[in-house]
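Chain by chain, the residues:
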Amino acid sequence: MSNLEVRRIPFNFDGAEFIWNPENPAFSIMMNQITFLVIGFERYLCKAIRASEPLITDPVVAEEAKLFFEQEAVHAVAHRKHAKALIDRYPGLQDALDRTISSYDQLMEEKPLEFALAYGGGLESVFTPFFKMILDNRDVLFSGGDSRLASLFLWHFCEEIEHRSSALMVYNHVVGRYGYRIKNFRKCVRHVHSIVDMLREEFIKHVPGVPAEHFEIDPLGAVPRLDKIRSMLGVFDSQMPWHNPEKQALPAYYEEWLSHWEAGADVSNIYGKQAGATQ
Ligand SMILES: [Fe+2]
Ligand SMILES: [Fe+2]
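Residues numbered from 1 in each chain as written. Chains lettered and ligands numbered in written order. Predicted model: local features only at pLDDT ≥ 70, side-chain atom pairs only at ≥ 80, totals over all residues. Heavy atoms only, no water.

Caption draft 1: Structural context of the overall build of the chain. A tally of helices and strands in the chain yields 10 helices and 0 strands. Each helix (α) and strand (β) of the chain, taken in turn from the N terminus, gives the series α-α-α-α-α-α-α-α-α-α. Against the globule reference of 19 Å for 279 residues, the chain gives a C-alpha radius of gyration of 18 Å, in line with a compact fold. With 279 residues in all, the chain has 54% of them scored as buried. For the chain, the exposed surface amounts to about 12500 Å²; the carbon and sulfur share of it is 55%. (Helix = DSSP H or I, 4+ residues; strand = E, 2+ residues; numbered from the N terminus. Rg over C-alpha atoms; globule rule 2.2 N^0.38 Å. Buried < 20%, exposed > 50% of the residue type's maximum accessible area, 1.4 Å probe, protein only. Areas by Shrake-Rupley, 256 points an atom, 1.4 Å probe, with all protein chains shown as cover.)

Caption draft 2: Spotlight on the coordination of the iron ion (ligand 2). Every protein donor of the iron ion (ligand 2) is accounted for by E72 (OE), E124 (OE), E124 (OE), E160 (OE), E160 (OE) and H163 (NE2), and the metal-donor separations fall at 2.0 to 2.6 Å. Considering all 6 donor atoms around the iron ion (ligand 2), the spread of angles at the metal, 55 to 157°, places the coordination shape in the irregular class. We note that the donor set of the iron ion (ligand 2) lies within a single chain, spaced as E-x51-E-x35-E-x2-H. A distance of 3.6 Å spans the gap from the iron ion (ligand 2) to the iron ion (ligand 1), which E72 bridges by coordinating each metal. You can see E72 sitting in helix α2 (residues 59-89) and its partner E124 sitting in helix α4 (residues 113-136), a full 52 residues away along the chain. In this structure, E72 and E124 share a single accessibility class: buried. (Donors = N, O, S within 2.8 Å, 3.2 Å for Na, K, Ca; no water. Tetrahedral: all angles 85-135°; square planar, octahedral: opposite > 155°, others 65-115°.)

Caption draft 3: Looking closely at the coordination of the iron ion (ligand 1). Taken together, E42 (OE), E72 (OE), H75 (ND1), H156 (NE2) and E160 (OE) make up the full set of protein donors to the iron ion (ligand 1), lying 1.9 to 2.2 Å away. Here the donor residues of the iron ion (ligand 1) share one chain and are spaced in sequence as E-x29-E-x2-H-x80-H-x3-E.

Caption draft 4: Structural view of the pattern of salt bridges. For the structure shown, the criterion picks out 19 salt bridges. When the shortest N-O distance is used, the salt bridge between E5 and R7 registers 3.5 Å. Judged by relative accessible area, which is 2%, R7 ranks as buried. Between E114 and R177 there is a salt bridge; the shortest N-O distance is 2.6 Å. In this pair, E114 is assigned in helix α4 and R177 in the loop between α7 (166-174) and α8 (178-206), connecting sequence segments 63 residues apart. (Salt bridge = Lys/Arg side-chain N within 4 Å of Asp/Glu carboxyl O.)

Caption draft 5: Molecular detail of the environment of A96. Relative to the helices and strands, A96 resides in helix α3 (residues 94-110). The spatial distance from the C-alpha of A96 to the C-alpha of E202 is 5.8 Å, given a sequence separation of 106 residues.

Caption draft 6: Fine view of the nonpolar core. M31, F36, Y119 and F142 are the most contacted members of the largest nonpolar core, which has 86 residues in total. Looking at this core, the element that brings in the most residues is helix α1 (residues 25-52), giving 15 residues. Those residues within four positions of F36 in sequence are excluded, and the remaining contacts are A83, L86, I87, L93, A96, L97, T100, L199 and F203. (Core = buried A, V, L, I, M, F, W, Y, C linked by side-chain atoms within 4.5 Å. Contact = heavy atoms within 4.5 Å.)

Caption draft 7: Molecular detail of a nonpolar patch on the surface. There is a patch of nonpolar side chains on the surface, built from L226, I229 and L233 and spanning about 290 Å² of accessible area. Here I229 lies in helix α9 (residues 225-237). Take I229: its relative accessible area is 37%, and that puts it in the partly exposed class. (Patch = residues over 30% accessible without salt bridge, like charges linked within 9 Å, V, L, I, M, F, W, Y side chains within 5 Å.)

Caption draft 8: Looking closely at the packing of α2 against helix α6 (residues 147-162). Running from N to C, α2 and α6 cross one another at 160°; their axes reach a closest spacing of 11 Å. One finds that α2 runs roughly antiparallel with respect to α6. Relative to α6, the crossing made by α2 is left-handed. For the pair formed by α2 and α6, the contact residues are Q71, E72, V74, H75, A78, H79 and H82 on the first element and L149, L152, F153, W155, H156, E159, E160 and E162 on the second. Looking at the contact of α2 with α6 residue by residue, the classes come out as 6 nonpolar, 5 polar and 4 charged. (Axes fitted to C-alpha atoms, helices over the stretch in contact; angles between N-to-C directions. Parallel < 35°, antiparallel > 145°, perpendicular 65-115°, else oblique. Left-handed = near helix turned anticlockwise from the far one by under 90°. Nonpolar A, V, L, I, M, F, W, Y, C, P; charged D, E, K, R; others polar.)

Caption draft 9: Focus on the packing of aromatic side chains. Inspection of every chain in the model, using the stated rule, returns 22 aromatic pairs. A centroid spacing of 5.3 Å and a plane angle of 75° characterise the contact between Y44 and Y119, whose relative ring orientation is edge-to-face. You can see Y44 sitting in helix α1 and its partner Y119 sitting in helix α4, a full 75 residues away along the chain. The buried category is assigned to Y119, whose relative accessible area is 1%. An angle of 20° between the planes, with centres 6.5 Å apart, marks the rings of F142 and F153 as stacked. Placement of the pair is F142 in helix α5 (residues 138-142) and F153 in helix α6, with a sequence separation of 11 residues. The same class applies to F142 and to F153, which are both buried. Sitting over the ring of F69, R50 keeps its end group 4.2 Å from the ring centre. Positioned over the ring face of F115 is K111, at 5.0 Å from the centre of the ring. (Phe/Tyr/Trp six-rings, centres within 6.5 Å; stacked < 30°, edge-to-face > 60°. Lys NZ or Arg CZ within 6 Å of the ring centre and 35° of its normal.)

Next comes the structure, spelled out in structure tokens:
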């Protein structure tokens, strides 16, 4: 039985700033890129999962796929709210969203379903070591930022860790060829980089007044080097044939976040500075 829980959280990002963490502008920009990217990526993933449904014959995998689909769909809705707040402030950013979505739509059209499932399985496996590094360093990355945005990303990254096995489970059941997945992994990473680079250009074009250096410095500059090395090794290991997402080291924050959720806390506003207190 799947342990995934679909949580619908009433986020509100009205009036959110582009640089929503003035203590870490480059990280704010990186997370804004993630918002636009995940709207396209999770939409793509959801389409692939939906198209896979008739091919799933194991009820355990079917249940996991259903809840995985629902979690990702809820993530995309929340990030759309964030993107809308940014577009309301800088209408040109609609282009950034449209270009992201059309790039994923094109992939869906041009490549077979097994490619989309390989893309999802490969990338979702990267998330646990990458997001563990971010969650472990939440104090230097999020604590000075708008709590509504900090809470959005902390929630999303915790749920990515929660469903860390789902995409691989679906890929292994429906396609099952490790060689195919690994052969295409570089193409998937290149595609992600092309979107991230495009978003950077769109941000520079449509958001005036952001100093150029905020787009150039390392957004993870405040993260200890050892944590970055561990994360990189984890990313490398995540693509190995023996990799089992269930056995990965998890961030302590996942359990902490879960305890807040189970206690009924307002997780839409749980970390960082209250809106209006970030300037
Ligand atoms: Fe997600
Ligand atoms: Fe995910």
